[in-house]
Amino acid sequence: MTRLMLGRTLERICKAVLLLCLVHFLIMMILYFDVYSQRFDIFSRFSGRNFSRTHHYYNLSRPNGTFPTYLAAGDHFLPSTKPETNYTPPVKPVPPCPEVPPGLVGRLLIEFSSAMTLERVQKENPDVTNGGKYSPPDCKAKQKVAIIIPYRHRDHHLKYWLHYLHPILRRQKIDYGIFIINQYGEDTFNRAKLLNIGYTEVLKDAEYDCFIFSDVDLIPMDDRNLYHCYDQPRHFAIAMDKFGFRLPYAGYFGGVSGLSRVQFLKINGFPNEYWGWGGEDDDIYNRITLNGMKVSRPDVQIGRYRMIKHERDKHNEPNPQRFNKIQNTKASMKRDGINSLQYRVLEVTKYPLFTNITVEIGKPPPRPPRG
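Worth saying up front: this structure is predicted, and the values here are computed from it rather than measured.

Peer 1: For this particular structure, what's the right way to read the environment of Glu360?
Peer 2: The residue Glu360 is located in strand E11 (residues 355-360) in this model. A relative accessible area of 30% means that Glu360 is categorised as partly exposed. Each C-alpha atom of the pair Glu360 and Asn182 lies 8.7 Å from the other, and the pair is 178 residues apart in sequence.

Peer 1: Any chance you could explain the sheet that holds strand E7 (residues 239-240) here in plain terms?
Peer 2: Strand-to-strand pairing in sheets goes through backbone hydrogen bonds, with the strands running parallel or antiparallel. Pairing within the open sheet is mixed, and its 3 strands lie in the order E5-E9-E7. The sheet is open, and its two borders are formed by strand E5 (218-220) and E7, each paired with just one other strand. Sheet analysis places E5 next to strand E9 (residues 304-307), joined by 3 bridges and oriented antiparallel. Across the sheet, Pro220 pairs through a bridge with Tyr305, a residue of E9.

Peer 1: What should I look at first to understand the state of the cysteines in this one?
Peer 2: In protein chemistry, a disulfide is the covalent bond that joins the sulfur atoms of two cysteines. Taken as a whole, this structure holds 2 disulfides when the rule is applied. With its sulfur 2.0 Å from that of its partner, Cys97 forms a disulfide with Cys139. Linking Cys97 and Cys139, the disulfide has an S-S dihedral of approximately 85° and is accordingly described as right-handed. Of this pair, Cys97 sits in the loop between helix H2 (48-54) and helix H3 (118-124) while Cys139 sits in the loop between strand E1 (133-134) and strand E2 (144-151), and the two are 42 residues apart along the sequence. Given the relative accessible area of 8%, Cys97 is considered buried. Here Cys210 engages in a disulfide with Cys229; their sulfurs sit 2.0 Å apart. As the torsion about the S-S bond is roughly 85°, the Cys210-Cys229 disulfide counts as right-handed. A residue pair is termed long-range when its members are at least 10 positions apart, and Cys210 in strand E4 (residues 210-214) and Cys229 in the loop between E5 and strand E6 (234-235) qualify at 19 residues. Considered together, Cys210 and Cys229 belong to a single accessibility category, that of buried residues.

Peer 1: How should the confidence of the model for the chain be read in this particular structure?
Peer 2: Low-pLDDT stretches of the model should not have their predicted coordinates read in fine detail. Residues with a pLDDT of 70 or more make up 78% of the chain, whose mean pLDDT is 83. Here residues 35-84 is modelled with pLDDT under 50, and outside its nearest four sequence neighbours on either side it reaches 23 contacts, counting other chains as well.

Peer 1: Explain the packing of aromatic side chains here, please?
Peer 2: Each pair of aromatic rings is reported with the distance of its centres and the angle of its planes. Tallied over the entire structure, the rule returns 13 aromatic pairs. Between the aromatic rings of Phe179 and Tyr208, the centroid separation amounts to 5.7 Å while the plane-to-plane angle is 85°, which identifies the pairing as edge-to-face. Taken together, the positions of Phe179 in strand E3 (residues 175-183) and Tyr208 in the loop between helix H5 (191-205) and E4 put the pair 29 residues apart, joining distant regions of the chain. With relative accessibility at 1%, the residue Phe179 sits in the buried group. Positioned over the ring face of Phe245 is Arg304, at 4.4 Å from the centre of the ring.

Peer 1: What is the right way to look at the nonpolar core in this model?
Peer 2: Taken as a class, soluble globular proteins show a tendency for nonpolar side chains to be buried jointly. Ranked by size, the top nonpolar core spans 41 residues in total, and within it Trp161, Ile178 and Tyr227 carry the most contacts. Grouped together as the second largest cluster of nonpolar side chains are 28 residues, Ile181, Ile284, Ile288 and Met293 included.

Peer 1: Explanation requested: the pairing of E4 in the structure shown.
Peer 2: The side chains of a regular strand alternate, first on one face of the sheet and then on the other. With 5 of its 5 residues buried, E4 lies for the most part within the structure. The pairing of E2 with E4 spans 4 bridges and is classified as parallel. Note on E4: the bridge partner recorded for Ile147 is Ile212. With 5 bridges joining them, E4 and strand E8 (residues 256-260) adopt antiparallel strand pairing. Of the residues in E8, the one forming a bridge with Phe211 is Leu259.

Peer 1: Would you explain the side chain of Asn125 in this entry?
Peer 2: Mapped onto the elements, Asn125 comes out in the loop between H3 and E1. Looking at Asn125, the relative accessible area reads 1%, which means it is buried. A polar contact of 2.8 Å, which involves the side chain of Asn125, links it to the backbone oxygen of Val121. When near neighbours in sequence (up to four residues on either side) are disregarded, Asn125 contacts His166, Pro167 and Arg170.

Peer 1: Mind showing me how you'd approach the pattern of salt bridges here?
Peer 2: Should their charged atoms come close, side chains of opposite charge can pair. Summed over the entire model, instances satisfying the criterion amount to 20 salt bridges. As a salt-bridge pair, Glu124 and Arg120 come within 2.9 Å of each other at their nearest N and O atoms. On the criterion of helical spacing, the pair formed by Glu124 and Arg120 is a turn pair, its members being 4 residues apart in helix H3. We classify Glu124 as partly exposed; its relative accessible area is 30%. Residue classification places Arg120 among the partly exposed residues on the basis of a relative accessible area of 33%. What emerges from the salt-bridge pattern is a single network uniting Arg191, Asp215, Glu280 and Asp281.

Peer 1: What am I meant to see in the pairing of E2 here?
Peer 2: Burial runs high along E2: 7 of the 8 residues are buried. In this sheet, E3 lies alongside E2 in parallel orientation, the contact comprising 8 bridges. Residue pairing across strands places Ala146 opposite Gly177, the latter belonging to E3. Taken together, E2, helix H4 (residues 155-171) and E3 form a β-α-β motif whose crossover is right-handed.

Conventions used here
Residues numbered from 1 in each chain as written. Predicted model: local features only at pLDDT ≥ 70, side-chain atom pairs only at ≥ 80, totals over all residues. Heavy atoms only, no water. Helix = DSSP H or I, 4+ residues; strand = E, 2+ residues; numbered from the N terminus. Buried < 20%, exposed > 50% of the residue type's maximum accessible area, 1.4 Å probe, protein only. Pairing = 2+ DSSP bridges. Disulfide = S-S within 2.5 Å. pLDDT = per-residue confidence, 0-100. Contact = heavy atoms within 4.5 Å. Phe/Tyr/Trp six-rings, centres within 6.5 Å; stacked < 30°, edge-to-face > 60°. Lys NZ or Arg CZ within 6 Å of the ring centre and 35° of its normal. Core = buried A, V, L, I, M, F, W, Y, C linked by side-chain atoms within 4.5 Å. Polar contact = N/O pair within 3.5 Å; in protein donor to acceptor, adjacent residues only side chain to side chain. Salt bridge = Lys/Arg side-chain N within 4 Å of Asp/Glu carboxyl O. Right-handed = clockwise from strand over helix to strand, strands pointing away.

Right, here's the structure in full:
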């Protein structure tokens, strides 16, 4: 009886082992055919004839090409996350500069006792490019501004002007260029004619649409006095220290002023016949009002300026004819201005902080004898 039970137990064990072997064989066959079918499918995918029919989105000529990733029904192909060989990222559009730049500081401390050199100013303004040009890197300015300075023998003043104005203009997000219009020789100085020349010459450099005319000895005391053009001709220097920070009279238009291209041409530019000191600013003011425009000004607290003290320049004595000329602005402005300008350019030099334009403007006409 014991041997019979032992035989049956061994028979059952053998059948179980045989069944396990059969199951193992079946599993191996299933896996074998599955791998074989996958290999065949991959081979068929890489066959140019069959693949071009079924997968026409794939470009075999692209060295970094990958198979598209398929989505659920109704979805589209996902773009490849790997960049193409010749892909150029799109340029992000630059936003317009704000009306009121956020980096302004307001009232400034202006002093002229510290020693100043052009090397120091250049180190202070590394973003200013050759010729005294600057464009805001983070926004697009609405205007391209040319700052024009009538000039002769004012190296000391120019260093301070550049020292203060470059940082102010950069904080104001102004797209600008600085141009020094240098009168050659020692004949009588003619400020307004140099300003006309500046307007003409800077347009050969670039398409400026705003022109700010500044004396080299005037420094703004508040960077909220924005150096760009307005709907009306702009008078910036309305409260100078030499006048007790007041406007000397209602028609004063001296020191620092700005006009757009349209405004400048409307008044035929500035007069060319004011040789010596005084009178041309009043003539310009008359031209503006006679052409139906009004002078705009900043608030008196913002339009403050300090003047670098100096003696009156030689060959820039007061013009004794200025009062008669001012009274005749209406008759003279159509014939005397940008349409009658004559001069000769002697040299144009681009320095790191400004562009110098040296010009020959001729000689003043002989003055009539007194009486």
